[in-house]
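Summary of the model geometry
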Amino acid sequence: MDLKLDHHNEDRLTIVEVEGEIDVYTAPRLRELLIDLVNKGNFHLLVNMEKVDFLDSTGLGVLVGGLKRVRAHDGSLELVCTQERILKIFRITGLTKVFGIYASVDEAKEAHGKDK
Amino acid sequence: MATVELTFSALPAHVRTARLVATAIARRTGVEESLLDEVRLAVGEACSRAVEAHRAHCPGEPIRIELKDDSGRFEVTVSDQAPSDEIKQEQPLDLGMLSDSFMSGFGIAVIAGLADDVEVFPSPKGMRIRMSWPAATNGHAPI
């Protein structure tokens, strides 16, 4: 499956919907979207990965790159993910300590609201 | 022993094909369904790393994958022809140090975390990553 990307804003939060496979072939499209969003002043990003079938280290690199960009503006990049096979990659690489990972968009929004 | 060999040019689009082929052969070889995601990811990581290395050093040269059913193990070897001196790092994570070069080492870290048995052979003539998983002893999954 190819990669499908969409995004919308809810209050101060930009929700990025990702569907399909994030690998060395498709990751540049996600990178471009994250860069574009940051360049347009969206510094609080929530990436919904519930429909991601595959994620490799190239995809992790793109997410880390996005996080570095938003943090430069005191922003945040958090994830929604409950799929064990995707979470496993974050655990293996230690990135669970770097990203906020939530079980649902609502949970992430609630946590984000408390941080305001 | 059954062996499948695959060569592909160093294009990111071919990595998905390599993953699919490896997963299909792993299933056919009798690797447990619960391990197939690990095979898919580990082979994808090895191929992605090889593609990036070839694009930097020798874009015209092909990357080679060998998939073997060997004595109850499913063994995959990914070989590239780009000079390598691969990094091995085990440090606490700090966002500032996650440069692109550090992230390139993540592929190997992910493979090491996934495959049951991994050996990495870096050399000036290219890197060879061999990994294996347990498979059915008769080499054929139940149909």
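Predicted model, so just to flag it, every value in this text is computed and none were measured. (Residues numbered from 1 in each chain as written. Chains lettered and ligands numbered in written order. Predicted model: local features only at pLDDT ≥ 70, side-chain atom pairs only at ≥ 80, totals over all residues. Heavy atoms only, no water.)

Now for the confidence of the model for chain B. Residue and element names in this part refer to chain B. For chain B, per-residue confidence averages 84 on the pLDDT scale, and 80% of positions sit at 70 or higher. Element-level mean pLDDT values for chain B span from 53 in helix 3 (residues 100-104) up to 96 in strand 3 (residues 73-79). Confidence drops under a pLDDT of 50 for residues 87-93, and excluding neighbours within four residues, the segment shows 13 contacts in the predicted structure. (pLDDT = per-residue confidence, 0-100. Helix = DSSP H or I, 4+ residues; strand = E, 2+ residues; numbered from the N terminus. Contact = heavy atoms within 4.5 Å.)

Another aspect to go through is the interface of chain B and chain A. Residue-level contacts link 24 residues of chain B with 25 residues of chain A. In total, chain B and chain A occlude about 2,100 Å² of area from one another, counting both sides; carbon and sulfur atoms represent 64% of this. The interface formed by chain B and chain A includes six salt bridges. Across the pair Asp23(A) and Arg19(B) runs a salt bridge, and its minimum N-O distance is 2.8 Å. Summed over the shared surface of chain B and chain A, the result is eight residue pairs in polar contact (both at pLDDT 80 or more). The set of elements that each furnish at least two residues to the side of chain B that touches chain A consists of helix 1 (12-29), helix 2 (33-57) and helix 4 (106-114) of chain B. Classifying every residue of the side of chain B that touches chain A gives twelve nonpolar, five polar and seven charged. (Buried area = accessible area lost by both parts, 1.4 Å probe. Salt bridge = Lys/Arg side-chain N within 4 Å of Asp/Glu carboxyl O. Polar contact = N/O pair within 3.5 Å; in protein donor to acceptor, adjacent residues only side chain to side chain. Nonpolar A, V, L, I, M, F, W, Y, C, P; charged D, E, K, R; others polar.)

So, about the sheet that holds strand 2 (residues 13-22) of chain A. Paired through their backbone hydrogen bonds, the strands of a sheet run either parallel or antiparallel. All names here are of chain A. Spatial strand order, 1-2-3-4-5: five strands in an open sheet with mixed pairing. Only two strands of the sheet have a single partner each, and these edge strands are strand 1 (4-10) and strand 5 (100-102). With strand direction ignored, the average angle separating the axes of adjacent strands in the sheet is 25 degrees. Alignment of strand 2 against strand 3 (residues 44-55), held across eight bridges, turns out to be parallel. (Pairing = 2+ DSSP bridges. Axes fitted to C-alpha atoms, helices over the stretch in contact; angles between N-to-C directions.)

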